[in-house]
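# Structural features, examined
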Amino acid sequence: NNRVIEVNPANNNVVWRFGSGSSKAGSHSVVAVNDAQRVGNLTLMAGTGAPAGTEPGCPNGCADNRVMLVDQSGNITWQYGKAGVTGSGPNELNAPVRNTYLSNGDILITDQGNQRVIEVNPAKSIVWQYGKTGVAGGAPNELNSPNSAELLTNGHILIADEGNNRVLEVTRANKIVWSYGCISCSEINAPAFASRLSNGDTLITDGGNNRIVEVDSKKNVVFTYNTNTRKGSVSSPAPSRAVKLKNGNILIRSE
């Protein structure tokens, strides 16, 4: 529906929204928004763009490629990327699938189509990057269709490297210090999301295997949940995100 909505859980009423529903990226529209996060009174969102054949108004695909901060009145107060432009140059993105607001005011962007994770400051300068722009690979400092990135308490970045079937923990010096899975391994398949838990374990959304898996620091599997075994489930629900809640339960989003 090309929108971000805030819903009151008491009555399911929509209390805030952004996005006119238009398939054209603009000052009051977002196309195929893939991530949203509340930052104080602002909302951070990633307009990924819709692929060919999914929007009647643009049969060849609808580009957006922006990460935006939007105020309560629906005004864009900051954005990185240009509406309708797909690129890798200054202030350009290609299918940003996730964004995270950092405590220093920078924004961590998983720029999937450009095969990189970047940290962008408020002045729109890239201050850190992992992955070689436009290079899909599995060598050091290479990614293949990354799907999420998270800043850890130790300052490292945890990346779900979906196309390489692995999760990486990398330092600011771009050194891999922990990983789970690999290009030719069978531990995980197309990990869509990863987060580090308070006990040091890593919770992985193992999309290609239709399951959620938790592994400890020594890479032992301590918990799994198959998302396609419930009665009525489709055979391949392809879970795209799982987060552990304060009560210990796990909230899962499946396609």
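Residues numbered from 1 in each chain as written. Predicted model: local features only at pLDDT ≥ 70, side-chain atom pairs only at ≥ 80, totals over all residues. Heavy atoms only, no water.

### Some remarks on the overall build of the chain
- Helix and strand counts for the chain stand at zero helices and 20 strands.
- Expected size for 255 residues packed as a compact globule is a radius of gyration near 18 Å; at 18 Å, the chain falls within 12% of this value.
- By principal-axis analysis of the C-alpha atoms, the chain measures approximately 45 × 45 × 35 Å.
- Across the 255 residues in the chain, those meeting the buried criterion constitute 47%.
- Of the contacts formed within the chain by residues at least 6 apart in sequence, a portion of 37% connects residues at least 24 apart.
- If you sum the accessible surface of the chain, you get close to 12000 Å²; carbon and sulfur atoms cover 47% of it.
- The positive charge centre, built from 23 side chains, and the negative charge centre, built from 20, are 3 Å apart in the chain. (Helix = DSSP H or I, 4+ residues; strand = E, 2+ residues; numbered from the N terminus. Rg over C-alpha atoms; globule rule 2.2 N^0.38 Å. Buried < 20%, exposed > 50% of the residue type's maximum accessible area, 1.4 Å probe, protein only. Contact = heavy atoms within 4.5 Å. Areas by Shrake-Rupley, 256 points an atom, 1.4 Å probe, with all protein chains shown as cover. Lys, Arg positive; Asp, Glu negative; His and termini not counted. Charge placed at Lys NZ, Arg CZ, Asp CG, Glu CD.)

### Things to note about the packing of aromatic side chains
- By the definition in use, this model includes zero aromatic pairs.
- The residue whose ring lies beneath arginine 38 is tryptophan 16, and the NZ or CZ to ring-centre distance is 5.4 Å. (Phe/Tyr/Trp six-rings, centres within 6.5 Å; stacked < 30°, edge-to-face > 60°. Lys NZ or Arg CZ within 6 Å of the ring centre and 35° of its normal.)

### Some remarks on the sheet that holds strand β9 (residues 116-120)
- Strand order in this open sheet of four strands is β7-β8-β9-β10, and the pairing throughout is antiparallel. Only two strands of the sheet have a single neighbouring strand rather than two, namely β7 (96-101) and β10 (126-130). Neighbour-to-neighbour, the strand axes of the sheet open up by a mean angle of 20°, direction not taken into account.
- As paired strands, β9 and β10 are joined by four bridges and run antiparallel to one another. (Pairing = 2+ DSSP bridges. Axes fitted to C-alpha atoms, helices over the stretch in contact; angles between N-to-C directions.)

### Here we look at unusual backbone geometry
- For asparagine 65, which is not glycine, the phi torsion reads 60° and is therefore positive.
- Locating asparagine 65 in the fold gives a position in the loop between β4 (42-47) and β5 (66-70).

### Comments concerning the pattern of salt bridges
- For the structure shown, the criterion picks out twelve salt bridges.
- Put simply, aspartate 206 and arginine 211 hold a salt bridge, and the shortest N to O gap is 2.7 Å. Per residue, the accessibility class of aspartate 206 equals that of arginine 211, and both read buried.
- Between glutamate 214 and lysine 244 there is a salt bridge; the shortest N-O distance is 3.4 Å. Highlighted residues: glutamate 214 in strand β17 (residues 211-215) and lysine 244 in strand β19 (residues 239-244), separated in sequence by 30 residues.
- Accessibility expressed as a relative area gives 6% for glutamate 214, which makes it buried.
- What emerges from the salt-bridge pattern is a single network uniting Asp35, Arg98 and Arg241. (Salt bridge = Lys/Arg side-chain N within 4 Å of Asp/Glu carboxyl O.)

### Thoughts on the sheet that holds strand β12 (residues 157-161)
- With respect to topology, four strands assemble into an open sheet ordered β11-β12-β13-β14, the strand pairing being antiparallel. Edge positions in the open sheet fall to β11 (146-151) and β14 (176-181), since each of these has one partner strand only. Adjacent strand axes in the sheet meet at a mean angle of 15° when their direction is disregarded.

### Considering the nonpolar core
- Among the nonpolar cores identified, the biggest contains twelve residues, and these are Val39, Leu44, Ala46, Val67, Leu69, Trp78, Tyr80, Leu93, Ile107, Ile109, Ile118 and Val120.
- Those elements that provide at least two residues to this core are β4, β5, β6 (76-80), β8 (107-111) and β9. (Core = buried A, V, L, I, M, F, W, Y, C linked by side-chain atoms within 4.5 Å.)

### Remarks on the state of the cysteines
- A full pass over the atoms with the stated rule returns two disulfides.
- A disulfide bridge connects cysteine 58 with cysteine 62, and the sulfur atoms are separated by 1.4 Å. One exposure class covers both cysteine 58 and cysteine 62, and it is buried.
- Linked covalently through their sulfurs, cysteine 182 and cysteine 185 form a disulfide whose S-S length is 1.7 Å. Across the S-S bond linking cysteine 182 and cysteine 185, the dihedral sits near 85°, which makes this disulfide right-handed. (Disulfide = S-S within 2.5 Å.)

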